[in-house]
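Breakdown of the fold
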Amino acid sequence: MLDFLIGFFTDYGYAAVFVILIACGFGLPVPEDITLVSGGVISGLGLTNPHVMLGVGLAGVLIGDSTMFLLGRVFGYRIQRIKTFRKILSPRRFSHIQRQFKKYGLGLLFVARFLPGLRSPIFLVAGMSRRISYLTFIAMDGVAALISVPIWVYMGFFFADNLDLLMEYVSDVQRVIYLILGLIILVVLAIYLKKRFHAKMDKHFAEGAGTETAAGAEISTAASTSSSPANATSAATSTEASSSSAVSKTSAADPAALGSKAASQASAADLKEKEKAAVK
């Protein structure tokens, strides 16, 4: 594959590299990393400028990825009715990618740039979801491309005179990239599981606190209910005591009133007696 691409790019230069990279975005079964390495090789042979080749490589990669994303965004789930895209995105793969998006979120867009064979369907699903803006997509994909594309182009440029050694280094770099991606996935998964665990614990404690609050409210209500008869009895006793006190006061005041009345009657009798005596 490397020899074929080097010969093809030698004949057609930048345009050939650009077209092949866009076709890779559509799922062309040509390794994107080998395409970029081949572009770097012809730069190392003096046929093209390595820095211009880097720009062409970045443009081809981002345009190819953007095309898949925008097709998914425009056509949505209807795109699965097209036979070509149904091969790229089978129902089983579609369900799997959706689960991965729920688990890893935008991080999956970044990782997808380093996953040959999964890159195109992941970008297609990202567009179909319509939950990710194009600016967010191009930012995540662009950051990943700024890491991967220069590695492959300049590796081809510096080792253009020894293709066997170059392919060994390509294999080594691929293994290192996969190892780093594996570590990143493990870290993200650990963070995800930790957050999920803490969320469950917080929910458990919140439910326990709610149960204790409800129990406390029931106890307070019961205590208030039990104290109400006692309060009523106390109030009745106070009322009776007040009534008795009033009666007692009335009783105490009655003798004085009776004495005053008797004195008045006696004075009236004496006055009548004196009047009778005067007449006689």
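Residues numbered from 1 in each chain as written. Predicted model: local features only at pLDDT ≥ 70, side-chain atom pairs only at ≥ 80, totals over all residues. Heavy atoms only, no water.

What follows is about empty space enclosed by the protein. Scanning all chains against the criterion turns up one cavity of 30 Å³ or more. Its volume calculated, the largest cavity comes out at about 150 Å³. Taken together, Glu32, Asp33, Leu36, Arg113, Phe114, Pro116, Arg119, Ser148, Trp152, Gln174, Ile177 and Tyr178 make up the full set of residues lining the largest cavity. For the lining of the largest cavity, the secondary structure elements donating two or more residues are α2 (32-44), α8 (134-158) and α9 (163-279). (1 Å grid on protein atoms, 1.4 Å probe; cavity = no way out; pocket = protein on both sides within 12 Å on 5 of 7 lines; lining within 4 Å. Points joined across faces, edges and corners; volume = space filled by probe spheres on them. Helix = DSSP H or I, 4+ residues; strand = E, 2+ residues; numbered from the N terminus.)

Close reading of the predicted structure is inappropriate where its pLDDT is low. Per-residue confidence for the protein gives a mean pLDDT of 79, with 74% of residues at or over 70. Across the protein, element-level confidence peaks in α2 with a mean pLDDT of 94 and bottoms out in α9 with 66. Segment residues 243-259: pLDDT under 50, and zero contacts once partners within four positions in sequence are set aside and those in other chains are kept. (pLDDT = per-residue confidence, 0-100. Contact = heavy atoms within 4.5 Å.)

Turning to its location among the elements, Asp141 is positioned in helix α8. A relative accessible area of 0% places Asp141 in the buried class. Contacts of Asp141, omitting those with residues within four sequence positions, involve Leu62, Asp65, Arg113 and Phe123. (Buried < 20%, exposed > 50% of the residue type's maximum accessible area, 1.4 Å probe, protein only.)

Before going further, it helps to examine the side chain of Asp33. Relative to the helices and strands, Asp33 is located in helix α2. For the buried Asp33, no salt bridge exists, and the shortest N-O distance to an oppositely charged side chain is 6.8 Å, to Arg119. A distance of 2.4 Å separates the side chain of Asp33 from the side chain of Gln174, its partner in a polar contact. Leave out the neighbours within four places in its chain, and Asp33 touches Trp152 and Gln174. (Lys, Arg positive; Asp, Glu negative; His and termini not counted. Salt bridge = Lys/Arg side-chain N within 4 Å of Asp/Glu carboxyl O. Polar contact = N/O pair within 3.5 Å; in protein donor to acceptor, adjacent residues only side chain to side chain.)

All right, on to a nonpolar patch on the surface then. On the surface, Val176, Ile180, Ile184 and Val188 cluster together to form a nonpolar patch covering roughly 290 Å² of accessible area. Among the secondary structure elements, Ile180 is positioned in helix α9. (Patch = residues over 30% accessible without salt bridge, like charges linked within 9 Å, V, L, I, M, F, W, Y side chains within 5 Å. Areas by Shrake-Rupley, 256 points an atom, 1.4 Å probe, with all protein chains shown as cover.)

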